[in-house]
Structure formats: C-alpha cells, structure tokens
Amino acid sequence: MAKFTVVDHPLIQHKLTLIRDKDASTKVFREVTNEIGMLMAYEITRDLPLEDVEIETPITKTTQKQLSGKKLAIVPILRAGLGMVDGIIDLIPAARVGHIGMYRDPETLEAVEYFAKFPSDIQERQVFVVDPMLATGASAIAALDQLVDKYNVSEEHITFVCLVAAPEGVKALQASHPNVDIYTAALDEKLNDHGYIVPGLGDAGDRIFGTK
Ligand SMILES: O=P(O)(O)OC[C@H]1O[C@H](OP(=O)(O)OP(=O)(O)O)[C@H](O)[C@@H]1O
Ligand SMILES: O=c1cc[nH]c(=O)[nH]1
Ligand SMILES: [Mg+2]
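Throughout this document, residue positions are counted from 1 along each chain, in the order its sequence is written. Chain letters and ligand numbers both follow the written order, the letters beginning at A and the numbers at 1. For this predicted model, a pLDDT threshold of at least 70 governs which residues receive local features, and a threshold of 80 or more governs which side-chain atom pairs are given and counted, while totals over whole chains, interfaces and linings are taken from all residues. Note: side-chain values were computed over all heavy atoms of the structure, leaving out hydrogens and water.

Looking at an unreviewed UniProt entry, the protein carries the name Uracil phosphoribosyltransferase, with the source organism given as Suicoccus acidiformans. UniProt positions are given in the numbering used here, feature names are shortened, and annotations may be inferred rather than shown by experiment. As its UniProt record puts it under Sequence similarities (unreviewed entry), the protein is described as follows: "Belongs to the UPRTase family." Check the Catalytic activity (unreviewed entry) section of the UniProt entry for the protein; it says "UMP + diphosphate = 5-phospho-alpha-D-ribose 1-diphosphate + uracil".

A. Expanded view of the nonpolar core. Take the buried residues of types Ala, Val, Leu, Ile, Met, Phe, Trp, Tyr and Cys, join any two whose side-chain atoms come within 4.5 Å, and each joined set is a nonpolar core. Buried residues are those whose accessible area, probed at 1.4 Å on protein chains only, stays under 20% of the maximum for their type, while exposed residues exceed 50% and partly exposed ones sit between those limits. Formed by 35 residues in total, the largest nonpolar core has its most connected members in L16, I19, I36, M40, L163 and L201. Counting from the N terminus, the helices are the DSSP runs of H or I reaching at least four residues and the strands are the DSSP runs of E reaching at least two. Mapped by element, the contributors of at least two residues to this core are helix 1 (10–20), helix 2 (26–44), strand 4 (71–78), helix 3 (82–91), strand 8 (125–130), strand 10 (158–165), strand 11 (181–187) and helix 6 (204–209). Take this core: its biggest share by element is six residues, from helix 2. Whether two residues touch is decided by their heavy atoms; if any such pair falls within 4.5 Å, the residues are in contact. Those residues in contact with L16 that lie beyond four places of it in its chain are I36, L163, V164, A185, A186 and L201. Counting 25 residues, the second largest nonpolar core, distinct from the first, contains A73, A143, C162 and L173.

B. A look at the UniProt feature "binding site: uracil" (unreviewed entry) in the protein. The positions that UniProt labels "binding site: uracil" (unreviewed entry) are, in the present scheme, I197, G202, D203 and A204. Positionally, I197 belongs in strand 13 (residues 197–198). Residue I197 is classed as buried on the basis of its relative accessible area of 7%. Excluding its chain neighbours within four sequence positions, the residues that come into contact with I197 are M133, L134, A135, V164, A165, A166, D188, K190 and L191. Relative to the helices and strands, D203 is located in the loop between strand 13 and helix 6. Whenever a nitrogen or oxygen atom comes within 3.5 Å of another N or O atom, the pair is scored as a polar contact, on the condition that within protein one atom can donate a hydrogen and the other can accept it, and that pairs from neighbouring residues in sequence are kept only if both atoms are in side chains. Polar side-chain contacts of D203 include one of 3.1 Å to the backbone nitrogen of G205.

C. Molecular detail of the site of ligand 1. The nearness test applies per residue and asks whether one of its heavy atoms lies within 4 Å of the molecule or strand. Around ligand 1, 16 residues are found, and the nearest of them are R104, D131, T136, G137 and S139. Side-chain polar atom of R79 to an oxygen atom of ligand 1: 2.8 Å apart, as the coordinates give it. At 2.4 Å from an oxygen atom of ligand 1 is found a side-chain nitrogen or oxygen belonging to D131. Working definition of accessibility: Shrake-Rupley area with a 1.4 Å probe, residue cover restricted to the visible protein chains. The protein chains hide 91% of the 500 Å² of surface that ligand 1 would expose on its own. Listed by contribution, the elements that provide at least two residues to the shell around ligand 1 are strand 6 (99–104), strand 9 (133–134) and helix 4 (138–150). At three residues, the largest contribution of residues to the shell around ligand 1 is made by strand 6.

D. Quick peek at the UniProt feature "domain: Phosphoribosyltransferase" (unreviewed entry) in the protein. If you check UniProt for "domain: Phosphoribosyltransferase" (unreviewed entry), the listed places come out as residues 6–211 in our numbering. A distance of 29 Å separates the end C-alpha atoms of residues 6–211, which is 33% helix and 32% strand.

E. Structural context of the packing of helix 4 against helix 5 (residues 167–176). Two numbers describe how helix 4 lies on helix 5: the axes approach to 9 Å, and their chain directions differ by 20°. Between helix 4 and helix 5, the angle is such that the two are roughly parallel. In this structure, helix 4 meets helix 5 at a crossing whose hand is right-handed. Taking contact as the criterion, the partners of A140, I141 and L144 in helix 4 are, on helix 5, A172, L173 and S176. The classification used treats Ala, Val, Leu, Ile, Met, Phe, Trp, Tyr, Cys and Pro as nonpolar, Asp, Glu, Lys and Arg as charged, and all other residues, Gly among them, as polar. Residue composition of the contact of helix 4 with helix 5, grouped by class: five nonpolar, one polar and no charged. Axis geometry follows a simple rule: fit a line to the C-alpha atoms, using only the stretch in contact for helices, then measure angles between N-to-C directions, giving values from 0 to 180 degrees. Note on angle classes: values under 35 degrees are labelled roughly parallel, values over 145 roughly antiparallel, values of 65 to 115 roughly perpendicular, and the remainder oblique. Left-handed is the label given to a crossing in which the near helix is rotated counterclockwise from the far helix by less than a right angle, and right-handed is the label when the rotation is clockwise.

The following block contains the structure:
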C-alpha cells in the first residue's frame, strides 16, 4: 500500500479553517486555496530525487545538489482542481499541466468525464493529480483510471493531492489504486446523505469560481 499523509502544518490548518468558513468571500477562497496548494507542493515534493552537480561559487568550486529524475506534471481535475494549480506552479514552475474535466452526477454521485488533455510524454513524468475534495472518491478514481489505463502512467508515478478528504473516499481510492500516494490537508469525519464532506467546506468549485 502506498503512503497516506495528512499534511497538518499549522499554516495549512489555519488557512483551511479560513476557507471552511461559509462567510469566506470568493476572493479569499480563491487566494487561500492557491496558498494551501503552494504549501502542499512543498510537502509532496519532499521525496523528489537529487543528483550531484559541480558548480563554482564566487569563492570556490563545489559539488552541490539539484533535482534529477523524472520531469513533473500537474493534472487538476476540473473545475475545482484548477484552484490549486497556480500555487503549486509557483514552487515547481517547469512542471507541465494536463487537464481532466469531471463532474459528479448529483443523483448517482458517479463521475462524468467531459475533457482530457495531457502532455504527450505524460507516461514519462511524475504526475500530481490535484482536486480540493475527495468525497466518495468516484472523480479521483475515474481520473486515475484514465491516466493508468489509457495513458499508461504507472501508479507508482502518480500522487493524488487534495485539501479535504472523507474516510469513504480514501478507502475507495486506496482499494482501486493501491500504489498511488495520497496527500490531504485534512481527513474529515464522513459524507452526508448528498455525498458532501462533513464538516467539509461545501462545493469547492462553486466557491472558487463564485457560481452559487
Ligand atoms: O469524490 P467525489 O464524490 O467524486 O466528489 C469530489 C468531486 O466533486 C467536486 O467536483 P464537482 O463535481 O462539484 O465539479 P466542479 O469541480 O466542476 O465543481 C470535487 O471538486 C471533486 O472533483
Ligand atoms: O463536499 C464536497 C463533496 C464533493 N464536492 C465538493 O466540492 N464538496
Ligand atoms: Mg463542484
């Protein structure tokens, strides 16, 4: 089984509380979601491999470290995943960005895909799939199914990153993609009867884009 990590840095916890508040404005919600994305990027890249590089400082020649290994890709699950991309890109600006469009059918809670566009060499990259919410897990599972089955990305090269996860979604995602690492800023209590995370933060996409 791959890693499951709750990134409970105090700054992340504080910022998450700001956006859980139902009175947070669209502006605040959008800004803070990106800030948390940036802070999460610091943690999810912790295991990136390094290699030695010879450089010359103004004082002397020296051997230092630089990132090596696979190139990176960020794949937001539209729409809400877009809200974390700019913050992550701030830290890893060379990463390519793929997009997968997915909405949850409000009756069945099944994920419906409506768009997909990835870097052509996605199977050679370390891929961070991002979506603020992991509720039933249907959307994340459908996105990962697509990457693994259709684009031949190996599970070991995929990390799923969210802000708020429900235990039900974590369990489902781990069962269907056991080799994908999962990072979340919070593990909440449960899902309600409509498939929303409790306490959660409501509908992330609507709150980021001000559509409700
Ligand atoms: O784990 P699940 O039960 O699949 O729920 C989580 C999904 O629901 C939300 O998207 P939504 O369908 O609201 O689309 P949006 O991002 O366009 O608002 C959220 O951003 C996830 O993608
Ligand atoms: O709580 C939830 C569940 C699914 N999608 C959201 O945006 N929020
Ligand atoms: Mg939504």
